[in-house]
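An overview of the molecular structure
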Amino acid sequence: RSRKQPDLFAAHPIPGLQFPINAHVLHGAGTTLLVDAQGGGYLSRNGIMLTRFHPECHLPSGLRLYVKDSQTGQYWQAADPSCEAVFETAQAVFQLTISDIASSLRVFVDPLSGMAVHALTIENRSQGQRMLEVCSYLEPALFPQRDMEAHPAYRKLFLETDRLGNYGVSVTRRPASPEETELRLWHALTADIPFSVFHIQTDRCAFIGRGGTLYA
């Protein structure tokens, strides 16, 4: 079992934004994952931001996982602000129970490959059968943070997305000049049970909607 970090890094149930922001930094093989107590943060590799990051704490950043009850339409984040967040030596763990659905989200970086992993375990604690949907969301960057801040709208023009196998998405950043190299980001979903349906949506506006928010 991983040894708990000192109190400076300890997390607890957070009803909303608090200061200072509780955050944890995980690193391995050139990949850095910063995750806060509400599941936000950023992912970078060798100085390149893989996901967009907003320094303002009130703007959501990083990869987010949602769980939806298909029968009632209720949905929530696996790292909801009301969840229990624990920062350990090699991982961040988010535990939550909503509507008799218990979830445990473990976030860590493989020290050998540098792959960032979000492992979600779901348990049905109700008496009947439940049908659930799981959705992941991220905003790719593939640029140094200073370039994103200098030209945020311009940098979005160089990203292309494509399906990666049966259960993934590939994001490619086209070189903006002959001096730049092509960069790729792979985002894939795996599970120990077969998927009934799998959808990919690469239009941010279609996912969030006009005036919408990433908060469940």
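So, here's what we can say about the structure. Each residue is numbered by its place in its chain's sequence as written, counting from 1. The predicted origin of the model limits local features to residues at a pLDDT of at least 70 and limits the giving and counting of side-chain atom pairs to 80 or more, whereas totals for whole chains, interfaces and linings rest on all residues. Excluding hydrogens and water, the side-chain figures rest on all heavy atoms present in the structure.

Moving on: the sheet that holds strand 1 (residues 23-28). Strand pairing in a sheet is mediated by backbone hydrogen bonds. Such pairs are either parallel or antiparallel. Paired strands are those between which DSSP finds at least two bridges. Numbering of helices and strands starts at the N terminus; helices are DSSP runs of H or I of at least 4 residues and strands are runs of E of at least 2. One open sheet accounts for 5 strands, arranged 1-2-3-4-12; its pairing is antiparallel. One side of each edge strand has no neighbouring strand; the edge strands of this open sheet are strand 1 and strand 12 (140-143). Taking the axes of each pair of neighbouring strands and ignoring which way they run, one obtains an average angle of 20 degrees across the sheet. Bridge analysis of strand 4 (residues 48-51) against strand 12 gives 2 bridges, and the strand direction is antiparallel. Axis lines are fitted to C-alpha atoms, over the contacting stretch for helices. Their N-to-C directions set the angle, which ranges from 0 to 180 degrees.

Time to look at the packing of aromatic side chains. For Phe, Tyr and Trp, where Trp contributes only its six-membered ring, two rings pair if their centres lie within 6.5 Å, and the inter-plane angle classes them as stacked under 30 degrees, edge-to-face over 60, or tilted in between. For the structure on display, the rule yields 6 aromatic pairs. With 6.3 Å between their ring centres and 40 degrees between their planes, Phe-195 and Phe-198 make a pair best called tilted. The rings of Tyr-66, Tyr-137 and Phe-207 are connected pair by pair, giving a single aromatic cluster. The ring of Phe-143 carries Arg-173 above its face, with NZ or CZ at 4.3 Å from the centroid. A positively charged side chain is recorded as over a ring if its NZ (Lys) or CZ (Arg) lies within 6 Å of the ring centre. The angle to the ring normal must also be within 35 degrees.

Moving on, we come to the nonpolar core. Note on terminology: a nonpolar core comprises buried Ala, Val, Leu, Ile, Met, Phe, Trp, Tyr and Cys residues joined through side-chain atoms within 4.5 Å. Buried residues are those whose accessible area, probed at 1.4 Å on protein chains only, stays under 20% of the maximum for their type, while exposed residues exceed 50% and partly exposed ones sit between those limits. Within the largest apolar cluster, 28 residues are counted, with the highest numbers of intra-cluster contacts made by Leu-33, Trp-76, Ala-92, Phe-94, Leu-105, Val-107 and Leu-185. Of all the secondary structure elements, the ones that give two or more residues to this core are strand 2 (31-36), strand 5 (64-69), strand 7 (84-87), strand 8 (92-98), strand 9 (101-109) and strand 14 (168-173). Pairs of residues are marked as contacts when any of their non-hydrogen atoms sit within 4.5 Å. In this structure Leu-33 touches His-24, Val-25, Leu-26, Tyr-42, Leu-43, Val-107 and Val-109, once residues within four positions along its chain are discounted. The next biggest cluster of nonpolar side chains, apart from the first, holds 5 residues, and it includes Met-49, Ala-141, Phe-143 and Met-148.

Across the sheet, which stays open at both edges, the 3 strands sit in the order 13-14-15 with antiparallel pairing between neighbours. Each of the sheet's edge strands pairs with one partner strand only, and the pair in question is strand 13 (159-163) and strand 15 (183-188). Strand-to-strand, the axes of this sheet are offset by a mean angle of 20 degrees, without reference to chain direction. Strand direction decides the pairing type here: strand 14 and strand 15, joined by 6 bridges, are antiparallel. Residue pairing for strand 15: Thr-172 is matched across the bridge by Arg-184.

Position of Glu-139 among the secondary structure elements: in the loop between strand 11 (132-137) and strand 12. Exposure remark for Glu-139: the relative accessible area of 14% places this residue in the buried category. The term polar contact refers here to a pair of N or O atoms within 3.5 Å; inside protein, the definition further demands a hydrogen-donor-capable atom paired with an acceptor-capable atom, and it admits residues adjacent in sequence only when both atoms are side-chain atoms. Among the polar contacts made by the side chain of Glu-139, one reaches the side chain of Tyr-137 at a distance of 3.0 Å. Discounting residues that sit within four places of it in the chain, Glu-139 has contacts with Leu-50, Thr-51, Arg-52, Arg-204 and Leu-214.

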